[in-house]
Amino acid sequence: MENEEQSFAEEGASATPKRGLLHIWQSGGPSEPPSPERVLLSRSVLQVALGEHHGLLLAQGGHVYSFGELLWRGLSVPPSAPLLEASLGGMTVVHVACGGFHCGALSEQGGMYMWGENTAGQCGPTEGDADSNVTVADPYLLAVVDNEVVPPSTVRIVDLACGREHSLALSAQNELWAWGSGCQLGLVTSNFPVWQPQKVEHLAGRHVIQVACGAYHSLALVRCLHPKTLNTPKPQERRGSQWDEPFASDDAHYCPLGVELTENTGAETPARRPSRQRLRPAGISHGSQAHLCPHSHSISDKKNVLLSGSVIEPDDHVDPLTQTDSCTASYPLPATTDKKKAALPNEQELHKLLQKLSGHSLEMQHSRRLGDADSLSSQTSDDSYVSSTPSNELLHTRCENDLTFSEVVRSSSLVGLEEGSVWKKKITLEHKSSSLTDINQKGKTGTRRCSLPGTPTHATQRRHYSSKPSSFSEDRLPSLETEVWSWGRGSEGQLGHGDQLARLQPLCIKWLTGEDVIKVAAGSHHSLALTAQCQVYSWGSNMCGQLGHVNSPVTVPQQAKLSNGLRAWDVSGGQSHSLLLADGERDQPLLLYCGQQQEPRSKQSETSCRAARSCQLSPNRAESYTVRPTLTPFCMEMGYISSVCSGGQRCALLANQNIIGVIAGVHELASVERRFYCWLSSLRKLLLTPLFNKESASPSLGDPCTRLFLSLYKSFVQLSNLIGQHATSLTQFLHNMLRRDVASLPLLTHIQHFLDAYTKYCTAVGDFQVMGGFQLLHKLSLECLGSKQTKLAQLFEPEPSVSGEADLGFLLYWPLQQLQQYVRILPKLEACYDVLTKEYQFLHQSCMQYEHLSETLQRRKKDAEVTFVFWKTHSGKNTEGLRLPQRRVLCESSNRALTLQGAGRFSNHWFILFNDALVHIQFSTHRVYPVNLLWVKPLPENDSGCYAIKMSCPEETFILVASTPQEKNKWLHFLNQEVDRVLSGGGQGSPPGITAISRTASYTFTGDGRFKDAQYTGSWLAGRVHGRGTMRWQDGRTYTGNFKNGLEDGYGECMIPDKLLNKAGCYQGQWRDGKIHGFGIYRYATGEVYEGCFNEGQRHGYGMLRSGKMDKTFSGVFIGQWLCDKRSGYGVYDDITRGEKYMGMWSDDERHGSAVVVTQYGVYFEGNFRESKMSGLGLLVSDDDTGFHGEFSEDWTVSGKGILSLANGDTLEGHFSGEWSTGLKVDGIYTKLAADEIEDKDRKNFLLGQYVVDAEVRWVCVFDECWRRLGCDVAGRGERMTAWENIAICISSARQHSPDLSRYQSKVLESLECIPHPTDAVTTTSYENIRKYLAKACETPIHPLGWLVETLVTVYRMTYLGVESNHRLLREAVKELQAYVKHFYSIVRFLFPGLPEDGSVLPDTPVSPCRIRCSSFSEEPSFVSVVSCSGLLLPLLLPQLYQPLFMLYCLHDEQQEAQYWERILRLNKQPDQSLLGFLGVRQKFWPMWMSVLGEKKQIVSSSKDVSFGCAVETLQQISTTFTPSEKLLLIQNTFEELTQEIKPMQDGEFLWCMDDLLPLFLYIVVRAKIRNLGAEVSLIEDLMDPNVQHGELGLMFTTLKACYMQIQMESMT
């Protein structure tokens, strides 16, 4: 927009701008052509607003100018020299509005400023006395405050409209606010004026798009709550039936005044307040002033009625909120005149009252014939009852003489009614009417309207909006689903509800529902509505012909009569005229006028005299006016008119001169789009909708074509709605063109919407044509349309020669021609900008897209026509099943140009290439090969001159032979083109043989094999299943995972149903060559779950099997080694049913070999098994330490020689037989333990571990699986780089298939994915890096080392945890842990060959004669001297294995622990000094002072737990650590803390001696109160690094062990 912005800037600087040109003239017609006056401003005019005798101009930059009779200032400003509103100079105004005698403006921030006459409160509250401030001289800010929210907030206003005595504002939330006086406010109130803006609650919850104000009525354009359905005809197609039943509802009855009534309930509204003196320009009589809207009343015997200055009051006041059905609803009437009590005692007084009313009515009718519309409204408004009483649907009251007062008043107000009809005493309910023009006066009691007033269902949400009211739907295009609501005075029928009644609250005009109204305008006493079809509906006063038609009645919307070829796109209403802006044959807009014509000058003097005598505000009823909108003669000289405005007797227009071509281009685009939408609407109305609603359409078209026609109709409606929205948006663009950018055109910003809509529609038409739908539809249209054929023929104007079946094809394909219009107009707009501007680029790219779409759709049209001809020519049984709507024929070989290689001489092979498949027909059979699964490869020509093409399909491969090279190239071109189109959507074709080898598609296998009748969806490679996909078999099996070369390979999930159990099993894991192979989880249908390794579909290697819930005989878990789907090797079986745990060897799914069995009752057995039974020598120990060592023959059955050892040390040796739990038969010798041997009985206790499986071979299967994952078939044998590559592949695959990883996990995987340099010699620095790498790897189960650690933890906990935990398993648990470390270290050394053997010294470590530290004790790698497998790997394993191991230690030392803890509790009862003395600590080591909150205090004899507190706390942390190295480090820190506290009490150098250290450290141990200290000591002793046993740390540990033993031996006395 650089050029355009520059031109705007130049216009702003020049005195005569070329855009925003304003012309004003007095209303008149062609009898005496008016002369528009040009308003010369230095700035372009953006908007103009006209009132009764004044106007406002909004110029570029937000400046506001006033002209006309400014009565509130006592000024008269000519339009040629408007007055700048200086008080608005500090803000940017975006909208102005004029009422009858007041003004309003909106700022860019949403602020509202009002000024002018304020007698009715139309400007809002002012400072001072409201009665004295009848005018507001200067604009002031009127705030609209929403008090319904907490806290109250200021509402942002985006649109403003003004009447004579009221104002309406539209908020950014699309809510309506009103203030002023009269029923035209739409507020439920009886107090006028309404000074503060109030929300129109009757429209709350609805989306208000636009508002307009007449003199005393209001209009609102509202978005429909419920969108129109496709099968609902438009209202204009059944207008005749609508008039017969004007209202419809289900249950509740809502009167037009918005008050819900019962059958015997009437409605009263407050009486109007006294009329106010209005400021008027000179020469205007006082008698013509307008009053507030009248209000209807209903009375019975006790009702208060205001009539001709007298008031009839009831004796008692009736509360309107508590009244019953027997009384009439009423509102309190404010005191407006002197009240006089009166009554109607008899019928005579009522007759007198009626005569008075009748005379008044006749006088009023005489005045109506003399006056104009404005005077008529003023006179009829003075009588509160004239033409404003409710109809029979509102009131139903009775009196003694069966004559209701409302009936009498209504009868007196009928225009042109004979006097005799007034005196009828009985007027039936069916014939009550408010006027002769009431269209509802037929003898029918109609139901209420369908569209009931809306009520808010939820709180209004606050949103941000632009400076103009939003009429946009979700996609930001204007909504066409609108309704028109009206309220206020209706004496001239300007409300459009079919009567002349007033409406206190908004009511929907049902005749305009479904008409796609896009704008409403209001004259003084008439209303206008503009539809998206460029039609204008008008209703209300037509005394001067301002409605543009002479149709009757004028109380309902009627279509204005426009000349043929004219399409209106802007309307405006004045006092007695209307302006229309329309498109003609040319792109330049035409200005149309309807209303009063200017009289010749010879008659003007006579007219003025008559007006003076009658003292009317407006001229008399026009004796000459236009019957239909007439073209103004000067419009072609105005340039490109963008908008029109009317007010009072003035007219105005804004025009632009086409300087750089943008103006003409946008106008042409808008005109073309409006013409196109009108054409679409006509086609839909005349042809598609009647056919769609015809009941016999489905049998005539058949089922396939019926569905296709439904799709065609839906796509047509969607395209039509989009074009209508676009045309409306372009109209709004023209109104605000000076404030809009060309790049914001919806045709550019919503280009994808247009492309999709046109493509979808073209596809629907083509599918319908291919199936022969045009022929069937033509026959149906001849039956359905009948007389409408002539109107339908008018749609063929571009091609009048078409006829027959082709006419439907022409009509349905004609919308595609609109794309050519876009391609024609957009380059014109391009030429207005420089090539380097963004506007040019935007326009150029959009033009290219529309041009490409046009060419594509034309090709599709041609393909559909060719396909239809093909099916018509080759109809038969062979091709009947191949005819599909979306299928298009490309080429075929009926002339034997292509045949199958090796085909016989008399064979018949017919190949047809469609856009989706290659069909091979041979005699009566055919094969269909999907195009997306065709791999085309040209074969080189041989000496025999064979022009062959190799075709690869999912289940077969064949070769086609062409007759000529040209034929071969043709088929290659079409084949590659379609394959390319299907795969990429391009359809441009690829070079021969260059098509995608890897694809993603769906296919159902038909041949025999593993995949018979299976449906596959996923990746393919050269005709074979390859990559990730899903295979579904007919028997219910489903596989989802990776394929390779046509078979399952890699990770996959498979569901396998079990028909007997009616459940499905599920496998998740690795596959190879179509079989389960590798690690996975199998959940069987029986409920069993196996997690482990498979080989060729069988469980093989390490695995864990859990029994299912459905197995009621036993329940257990097995974890161990499998071989050929059977348990074989070492394994642990936890029999939950029997409460036993078996830990030993298996063979052929039976327990066989050495094993250990423990029970939940504490029984321990180790020995040999054969065929799942105890056999041979074994050792059995019960919970009370009674044991038997001998021969077994069955489970827990002794048979043979043995020795029975009792708990007291006695033994029984001999021959035993019997079951252990029931009793034993013994033949042997009983030996009593001698007294001198009692002390040695523990030494002669059972020798455990002689029949157990060696710890080195227990879990070899777990380590073998880890080696396999590293790529080694045998432990330690394989390529090291292959192992690292496998690790990298695992990590990379996990990152790709796990998108929900946390940031920390992603970083860990990224660091593990990098392959380190394992061949380098390990130094202290690299050793630290290895340690860090192993820590990360073991935390990641995806890593082979992480899986190894996770599995080892599982098997360890499975073995040593549970109710069968036995302390006699401690030694085996320790050995097993040490075996883990040994095997693990061998794997680590394979990955890092630079690591030395266990116990070796690192080469670059400096020798320290003082001490040798393990790597786990040092924070700095420079202190590392010896590498040990325990120091490197125990920190990785022991934290997760600590719980079962430490529990075994606690069980093993349970008695000693009890003695230790008893003595700890007793010793801790003593104070510090007493305990130090008791333990033999020398007094020089006794602390004398302690620090409390930084204050030094002396330790007294009674002080407790205050000495050596830091050392005690440090030692207590030993229970929070896991590894021996960490525990030893805490012991060392405890000694250091103790030394630090002792040093200040000693003089000079201080060295510990054991005699001093042991008692003092014993005190620390006692005060630490460490539970299970014996277990801690035993764990450290068993697992500590041998390299530190004889060093400083070993000495410290020995001291701790000595303290523990000393406490145990402490005497209890």
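This text goes with the structure placed above it.
Let us look at the structure shown here. Values in this document were obtained by computation on a predicted structure and should not be read as measured data.

### Brief notes about the overall build of the protein
- On a plain count of helices and strands, the protein comes out with 31 helices and 65 strands.
- Within the protein, residue pairs in contact and separated by at least 24 positions form 58% of the contacts whose partners lie at least 6 positions apart.
- Total accessible area computed for the protein in this model is approximately 71200 Å², and 51% of it derives from carbon and sulfur atoms.

### As for helix H27 (residues 1509–1516)
- Taken residue by residue, H27 has Ala 1511, Val 1512, Thr 1514 and Leu 1515 as its buried positions. Down the axis of H27, the smallest arc covering the buried residues is 165°, so these residues share one side.
- In this structure, the buried residues of H27 make contact with helix H28 (1524–1542) and helix H29 (1554–1568).

### So, the sheet that holds strand S17 (residues 194–199)
- Taking strand neighbours across the sheet as the criterion, the four strands line up as S14-S15-S16-S17 in an open arrangement whose pairing is antiparallel. Each end of this open sheet is capped by a strand with a single partner; those strands are strand S14 (157–162) and S17. Each strand of the sheet is rotated relative to its neighbour by a mean of 20°, with strand direction disregarded.
- Judged from the five bridges that link them, S14 and strand S15 (residues 166–171) form a sheet pairing that is antiparallel. Residue pairing in the sheet places Leu 160 in a bridge with Ala 169 of S15.

### Remarks on the nonpolar core
- In terms of nonpolar packing, the biggest core is built from 117 residues, with Leu 591, Tyr 758 and Tyr 850 touching the most fellow members.
- The biggest single contributor to this core is helix H7 (residues 662–693), with 16 residues.
- Look past the residues within four positions of Tyr 758 in its chain and what remains in contact with it is Phe 676, Leu 719, Ile 723, Pro 815, Leu 816, Gln 818, Leu 819, Tyr 822, Leu 853 and Leu 857.

### Digging into the pairing of strand S46 (residues 1047–1058)
- As paired elements, strand S45 (residues 1038–1044) and S46 share six bridges and run antiparallel to each other. Residue pairing for S46: Gly 1041 is matched across the bridge by Gly 1052.
- Linkage of S45 to S46, two consecutive antiparallel strands, is achieved through a turn of two residues, within which Asn 1045 is found at a positive phi near 55°.
- Here S46 hands over to strand S47 (residues 1063–1072) after four residues, with Asn 1062 in that stretch at a positive phi of 60°.

### Some details on the packing of aromatic side chains
- Per the counting criterion, the structure on display carries 55 aromatic pairs.
- Residues Phe 1011 and Trp 1033 carry aromatic rings whose centres are separated by 6.0 Å and whose planes lie at 50° to one another, so their mutual orientation is tilted. Here the residue Phe 1011 occupies a position in the loop between strand S42 (998–1004) and strand S43 (1015–1021), and Trp 1033 occupies one in the loop between strand S44 (1024–1032) and S45, the gap between them amounting to 22 residues.
- Arranged with centres 6.4 Å apart and planes meeting at 40°, the rings of Tyr 1082 and Phe 1094 form a pair that is tilted.

### Some words on helix H19 (residues 1280–1296)
- Relative to the 24 Å expected for 17 residues at 1.5 Å per residue, H19 spans 25 Å between its end C-alpha atoms, a close match to the ideal helical length.
- Every buried residue of H19 is listed here: Ala 1283, Trp 1284, Ile 1287, Ala 1288, Ile 1291 and Ala 1294. On an axial view of H19, the arc spanned by its buried residues comes to 135°, and they lie on one face. In H19, the exposed residues that point more than 90 degrees away from the buried face are Ile 1289 and Gln 1296.
- Buried residues along H19 sit against helix H20 (1303–1313), helix H21 (1324–1339), helix H22 (1344–1360) and helix H23 (1370–1391).

### Some words on the sheet that holds strand S26 (residues 536–540)
- If you walk across this open sheet you meet the four strands as S24-S25-S26-S27, and the pairing is antiparallel. Both edges of this open sheet fall to strand S24 (517–522) and strand S27 (558–559), since each of them pairs with a single strand only.
- In the sheet, strand S25 (residues 526–531) pairs with S26 via five bridges, with the strands oriented antiparallel. Each bridged residue has a counterpart across the sheet, and for His 526 the counterpart in S26 is Gly 540.

### So, the packing of helix H14 (residues 817–830) against helix H15 (residues 838–873)
- Remark: H14 packs on H15, axes separated minimally by 9 Å, with the N-to-C direction vectors making an angle of 160°. With respect to their mutual orientation, H14 and H15 come out roughly antiparallel. In the crossing of H14 with H15, the sense of the turn from one axis to the other is left-handed. Where H14 abuts H15, its residues Gln 817, Leu 819, Gln 820, Tyr 822, Val 823, Leu 826, Pro 827, Leu 829 and Glu 830 lie against Tyr 840, Leu 843, His 844, Ser 846, Cys 847, Tyr 850, Glu 851, Leu 853, Ser 854, Leu 857 and Gln 858.
- Its residues assigned to classes, the contact of H14 with H15 shows 12 nonpolar, six polar and two charged.

### Looking at a nonpolar patch on the surface
- Residues Met 1554, Leu 1558 and Leu 1595 make up a contiguous nonpolar surface patch of about 250 Å² in total accessible area.
- Relative to the helices and strands, Met 1554 is located in helix H29.

Thresholds, definitions, all that
- Residues numbered from 1 in each chain as written.
- Predicted model: local features only at pLDDT ≥ 70, side-chain atom pairs only at ≥ 80, totals over all residues.
- Heavy atoms only, no water.
- Helix = DSSP H or I, 4+ residues; strand = E, 2+ residues; numbered from the N terminus.
- Contact = heavy atoms within 4.5 Å.
- Areas by Shrake-Rupley, 256 points an atom, 1.4 Å probe, with all protein chains shown as cover.
- Buried < 20%, exposed > 50% of the residue type's maximum accessible area, 1.4 Å probe, protein only.
- Arc of directions from axis to C-beta.
- Pairing = 2+ DSSP bridges.
- Axes fitted to C-alpha atoms, helices over the stretch in contact; angles between N-to-C directions.
- Core = buried A, V, L, I, M, F, W, Y, C linked by side-chain atoms within 4.5 Å.
- Phe/Tyr/Trp six-rings, centres within 6.5 Å; stacked < 30°, edge-to-face > 60°.
- Expected span 1.5 Å × (residues − 1).
- Parallel < 35°, antiparallel > 145°, perpendicular 65-115°, else oblique.
- Left-handed = near helix turned anticlockwise from the far one by under 90°.
- Nonpolar A, V, L, I, M, F, W, Y, C, P; charged D, E, K, R; others polar.
- Patch = residues over 30% accessible without salt bridge, like charges linked within 9 Å, V, L, I, M, F, W, Y side chains within 5 Å.
- Salt bridge = Lys/Arg side-chain N within 4 Å of Asp/Glu carboxyl O.

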